[in-house]
Amino acid sequence: MMLRQGEKMEFKDFVQNASKEQLTALGTLGMWMQEKVPLYCTCPSKCNQTCQLAKELNEALMLAGQRLQSQ
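Computed from a prediction, not measured in an experiment: that's the story for all the values here.

What counts and what doesn't
- Residues numbered from 1 in each chain as written.
- Predicted model: local features only at pLDDT ≥ 70, side-chain atom pairs only at ≥ 80, totals over all residues.
- Heavy atoms only, no water.
- Helix = DSSP H or I, 4+ residues; strand = E, 2+ residues; numbered from the N terminus.
- Buried < 20%, exposed > 50% of the residue type's maximum accessible area, 1.4 Å probe, protein only.
- Contact = heavy atoms within 4.5 Å.
- Areas by Shrake-Rupley, 256 points an atom, 1.4 Å probe, with all protein chains shown as cover.
- Core = buried A, V, L, I, M, F, W, Y, C linked by side-chain atoms within 4.5 Å.
- Expected span 1.5 Å × (residues − 1).
- Salt bridge = Lys/Arg side-chain N within 4 Å of Asp/Glu carboxyl O.
- pLDDT = per-residue confidence, 0-100.

1. Some details on the overall build of the protein chain
Move 1: When helices and strands are counted, the protein chain shows four helices and zero strands.
Move 2: Within the protein chain, buried positions represent 23% of all 71 residues.
Move 3: In the protein chain, 62% of the contacts between residues at least 6 apart in sequence involve partners at least 24 apart.
Move 4: As displayed, the protein chain offers around 5600 Å² of accessible surface, 56% of which is attributable to carbon and sulfur atoms.

2. Comments concerning the nonpolar core
Move 1: Membership of the largest hydrophobic core is limited to ten residues, which are F14, V15, A18, L23, L26, M33, A60, L61, L63 and A64.
Move 2: Breaking this core down by element, the ones donating at least two residues are α1 (11-16), α2 (20-40) and α4 (52-70).
Move 3: Among the elements that make up this core, the one with the highest residue count is α4 (four residues).

3. Looking at the environment of T24
Move 1: By the secondary structure assignment, T24 is in helix α2.
Move 2: For T24, a relative accessible area of 37% translates into the label partly exposed.
Move 3: For the pair T24 and G65, spaced 41 residues apart in the sequence, the C-alpha separation amounts to 8.1 Å.

4. What about α4?
Move 1: Here α4 is 19 residues long and its end C-alpha atoms lie 27 Å apart, about the 27 Å a rise of 1.5 Å per residue gives.
Move 2: Listing the buried residues of α4 in full gives A54, A60, L61, L63, A64 and R67.

5. Focus on the environment of L63
Move 1: Within the secondary structure layout, L63 lies in helix α4.
Move 2: Considering only alpha carbons, one finds L63 and Q16, 47 residues apart in sequence, at a separation of 8.0 Å.
Move 3: Ignoring sequence-local partners within four residues, the contact set of L63 consists of K12, V15 and Q16.

6. Re the pattern of salt bridges
Move 1: Enumeration according to the criterion identifies one salt bridge in this entry.
Move 2: Put simply, K12 and E59 hold a salt bridge, and the shortest N to O gap is 3.2 Å. Of the two residues, K12 sits in helix α1 while E59 sits in helix α4, which places them 47 residues apart along the sequence.

7. Things to note about the confidence of the model for the protein chain
Move 1: The predicted model of the protein chain has a mean per-residue pLDDT of 78, with 80% of residues at 70 or higher.
Move 2: Here helix α3 (residues 47-50) stands out as the element of the protein chain with the lowest mean pLDDT, 72, in contrast to α1, whose mean of 86 is the highest.

Structure follows, in structure tokens:
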């Protein structure tokens, strides 16, 4: 799925329409990020838990994993 310059798409929308290959890539990214959170998120504010963008990304990656499991 390609977007033209200036077009916007929510990440969850992308995941809803992603191909199996895209879902596999997103699922791999999600697992990698879960393993690395203790290493890359060391700030006291815990921005990975309070940042709206980070929350939406995590939700979309979980959705990608769920879609992969159901296929």
